[in-house]
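# Observations on the three-dimensional arrangement
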Amino acid sequence: MIEDARQLPEDTLIETDLAIIGAGAAGITIARELAGTDIQICLLESGGLEFEQDTQNLYNGENGGRWYYPLDSCRLRYFGGSTNHWGGWCRPLTPIDFEARDWIPHSGWPITRADLDPYYLRAQPVTETGPFRYDATAFWEELIGAKMLPFPLGLITTTFFQYSPPTRFGTRYRKDIEQATNVRALLHATVTEIETSETGAEVTGLRVATLGGPSFRVRARRYILATGAIENPRLLLLSNRSQPAGVGNTHDLVGRYFMEHPHIPSVANLVTSRPEAFNAAYTQHLSLADSIMHSALIPTDALLRRERLQQAVFTVGVLGVYNTENLTQPATDDELHLRDIFNLQRDLGPPRATDHPPAGYNDWPPAGSLGASCAMGCACEQAPNPESRVTLSEERDALGLRRARLDWRLSETDKLSLNRILHALAEEFGAQGLGRVHLTLSDDGNWPEEVLGGYHHMGTTRMADSPENGVVDANCRVHGVDNLYIAGSSVFTTGGASNPTLTIVALSLRLADHVRTQLS
Ligand SMILES: Cc1cc2nc3c(=O)[nH]c(=O)nc-3n(C[C@H](O)[C@H](O)[C@H](O)COP(=O)(O)OP(=O)(O)OC[C@H]3O[C@@H](n4cnc5c(N)ncnc54)[C@H](O)[C@@H]3O)c2cc1C
């Protein structure tokens, strides 16, 4: 059932079993999973069914630190949350991502990839992706009918992404929520405070406001905070009536360790006289096995361990193809390399986006190709950094609440790690006579200005076994608070180099299972 909270009488008290705050990928997944059970659920969503500017303005915030998108444009505040404009790239975190890597301070989840595997399997249909076969090279090679690049030095390997259509959770799953008799979804319901007992050990209720309408309260046996990794810490910090530092913040960890995946559209240019060596999955989306997939390149675990590096993922974007018309001389690697690569790019026209809709894959390489110029784009892992954080700004929103302030910080080691992996990429391309790689980044620890985020907000209520190291435990329960859980990528201990939403959905399914046992 979906209702508009603006129609409620002032000061209504809603009593329920489970209150879920936020109806994005995480909140909707949990509510759907528990639909049809005996558990009474109240799903509180700040926005309506469509975009509304006055609600979106509640997401305005302040940026400190390195450049980041305005906080009201990097997420969406209505039913379905940021899945209303996500890109749909899906890939699980890898087993090494969960490990405590002694070369990455603060790494090490209290759960393993094997713990999440059953939930990743269940997350595939939720995100409308195909089989859970992300690193199954032989499986994809057979379907494509071509081999992946061999990488003889063992430094680099191929990985596989799948694409959600992309599933707009609000549209796709609206009916499920409407028809669930045990779910009461309230729109235009902004939670303004999580109230706790005096000791802070138990949540006693939620204060909820509407813009220009009534305020009311919700009391539940269990609460799940699912408002995204900037808003989750904001709401915990704002809830400081009985706990001056905010709920769950005994150890000053709430909001710290904000992580993104630094994205650089072009970290290297590759000029190759063997475009056919890159099978079509490297250069375009393919529709295979009930999925849309795409190959990308990653460092091997052996390289990461041996050289103590962080994750990175590289995509190949074709800038131009040389044939007898645009290149009159026979193309050898050396000849191609001798031409100024940037002039080649200019001569050969605008870059071809890597994320256009699936194409028939027989068009790669185009007939008569003698060579190709490609831009390598990358997204990399940022090591957890306590100084990279979300705090409260002095400015207030329309409901009188202090806005979020984001201070995104990258470190030198993040960049040095990327540099080394780029060299490994170049060594591997050279070793298989694939072409020449021109690295476009400086070789020091300085990040270029043009680093972007991937709209992946992570780490601000991190998971750890002990309250000294994290905000939530392995079950996503806030340390020291009996009945409060957190869903979403704010619980990520580290972020790997995989897009977060598949993992958010897997963790949400796991949390739904856990809460079901608690409330049954
Ligand atoms: C442009 C863009 C492209 C992206 N592309 C990808 C991609 O390709 N792959 C990928 O994996 N991820 C991608 N993402 C990230 C992805 O959208 C998020 O990881 C995902 O939506 C997070 O889910 P969530 O439920 O944690 O938060 P959200 O989806 O942000 O949902 C949070 C919900 O909480 C509500 N809310 C907030 N505050 C309150 C409050 N106080 N009270 C009540 N409700 C509240 C909001 O209105 C919202 O509906 C992209 C994001 C953007 C912006």
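Residues numbered from 1 in each chain as written. Predicted model: local features only at pLDDT ≥ 70, side-chain atom pairs only at ≥ 80, totals over all residues. Heavy atoms only, no water.

## Overview of the nonpolar core
The cut-off we apply is this: The definition of a nonpolar core used throughout is a set of buried Ala, Val, Leu, Ile, Met, Phe, Trp, Tyr and Cys residues joined through side-chain atoms within 4.5 Å. Each residue is assigned to one of three classes by its accessible area relative to the maximum for its type, calculated with a 1.4 Å probe on protein chains only: buried under 20%, partly exposed between the two thresholds, exposed over 50%. A helix here means a DSSP run of H or I that spans at least four residues, while a strand means a run of E at least two residues long, and both kinds are numbered starting from the N terminus.
Judged by nonpolar contacts, the single largest core of 89 residues is most densely connected at Leu18, Leu43, Leu44, Leu186, Leu206, Phe216 and Val218. Ranked by residues supplied to this core, first place goes to helix 14 (residues 501-519) with 10 residues. If you look at the next biggest cluster of nonpolar residues, it comprises 57 residues, including Ile144, Phe160, Ala281 and Leu410.

## Topic: the pairing of strand 9 (residues 203-209)
In summary, the side chains of a regular strand alternate between the two faces of the sheet. Spelled out, the test is: In this description, strands pair whenever DSSP reports at least two bridges between them.
With 5 of 7 residues buried, strand 9 is to be regarded as a mostly interior element. With 6 bridges connecting them, strand 8 (residues 190-196) and strand 9 associate as antiparallel partners. Paired with threonine 190 across the two strands is alanine 209, which belongs to strand 9. Sheet topology places strand 9 next to strand 10 (residues 215-225); 4 bridges connect them, and they run antiparallel. Looking across to strand 10, one finds that arginine 207 is bridged to arginine 217.

## Some points on the layout of surface pockets
Counted only if it meets this: Two kinds of site are reported from a 1 Å grid over the protein atoms alone, namely cavities, where a 1.4 Å probe fits but cannot get out, and pockets, open sets with protein on both sides within 12 Å along at least five of seven lines, and residues are called lining when an atom falls within 4 Å of a point. Grid points are joined across faces, edges and corners, and a volume is the space filled by probe spheres set on the points. Note on residue classes: Ala, Val, Leu, Ile, Met, Phe, Trp, Tyr, Cys and Pro are nonpolar, Asp, Glu, Lys and Arg are charged, and everything else, Gly too, is polar.
Here the second largest pocket is characterised by a volume of approximately 250 Å³. Residue lining of the second largest pocket: 19 residues in total, with Gln243, Gly248, Asn249, Thr250 and His479 positioned closest to the centre. Of the residues assigned to the lining of the second largest pocket, the class counts are 8 nonpolar, 11 polar and no charged.

## Details of the site of the ligand
Defined as follows: What makes a residue near a molecule or strand is one non-hydrogen atom of that residue sitting within 4 Å of it. Any pair of nitrogen or oxygen atoms within 3.5 Å is treated as a polar contact; in protein, a donor-acceptor pairing is required on top of that, and neighbouring residues in sequence qualify only through side-chain atoms on both sides. Per-residue accessibility takes into account occlusion by the displayed protein chains alone, with areas from the Shrake-Rupley method and a 1.4 Å probe.
In the vicinity of the ligand lie 36 residues, with Ala26, Glu45, Ser82, Gly87 and Thr501 positioned nearest. One of the backbone N or O atoms of alanine 26 is found 2.9 Å from an oxygen atom in the ligand. Within the backbone of glycine 88, a nitrogen or oxygen atom sits 3.0 Å from an oxygen atom of the ligand. Relative to its free-state accessible area of 1,000 Å², the ligand is covered by the protein chains to the extent of 94%.

## Thoughts on the pairing of strand 2 (residues 13-21)
For clarity, the cut-off: A crossover counts as right-handed when, viewed with the strands pointing away from the observer, the path leading from the first strand over the helix to the second turns clockwise.
With 7 of its 9 residues buried, strand 2 lies for the most part within the structure. Bridge count for strand 2 against strand 10 is 8 bridges, and the pairing is parallel. From the neighbouring strand, alanine 19 faces strand 10, where its bridge partner is tyrosine 223. By the bridge criterion, 4 bridges tie strand 2 to strand 3 (residues 41-44) in an arrangement that is parallel. Counterpart to alanine 19 in the pairing with strand 3 is cysteine 42. Note on the crossover from strand 2 through helix 1 (residues 25-33) to strand 3: the handedness is right-handed.

## Points about the environment of threonine 196
The criterion, for reference: Two residues qualify as a contact provided that any one of their heavy atoms is within 4.5 Å of a heavy atom in the partner residue.
Tracing the sequence through the fold places threonine 196 in strand 8. Residue class for threonine 196 comes out buried when judged on its relative accessible area of 14%. Separated by 10 residues in the primary sequence, threonine 196 and leucine 186 place their C-alpha atoms 22 Å from one another. Contact partners of threonine 196, with chain neighbours within four places excluded, come to Glu202, Val203, Thr204, Ser242, Gln243 and Val247. At 2.7 Å, the side chain of threonine 196 and the side chain of serine 242 are in polar contact.

## Regarding the confidence of the model for the protein chain
Rule in force here: The predictor attaches a confidence to each residue, called pLDDT, with possible values from 0 through 100.
When pLDDT is averaged along the protein chain, the result is 90; 92% of the residues meet or exceed 70. Confidence over residues 328-362 falls short of pLDDT 50; this stretch has 65 contacts with residues more than four positions distant or in other chains.

## With respect to helix 5 (residues 137-144)
Rules: In this context, the arc is that of the directions from the helix axis out to the C-beta atoms.
Among all positions of helix 5, only Trp140, Glu141 and Ile144 are buried. Summarising the axial view, the buried residues of helix 5 lie within an arc of 105°, below the 170-degree limit, and thus occupy one face. For helix 5, the exposed residues set more than 90 degrees away from the buried face come down to Ala138 and Glu142. Where the residues of helix 5 are buried, they touch strand 6 (156-163), helix 9 (280-283), strand 12 (286-288) and strand 13 (291-299). The positive-phi residue at the C-terminal boundary of helix 5 is glycine 145, with phi of around 80°.

## Looking at unusual backbone geometry
The omega angle of the peptide bond from proline 165 to proline 166 is 5°, so this bond is cis rather than trans. Counting through the fold element by element, proline 166 comes out in the loop between strand 6 and helix 6 (169-172). One non-glycine residue with positive phi stands out, namely aspartate 252, at about 55°. Along the chain, the position of aspartate 252 falls in the loop between helix 8 (231-238) and strand 11 (263-272). Given the relative accessible area of 37%, aspartate 252 is considered partly exposed.

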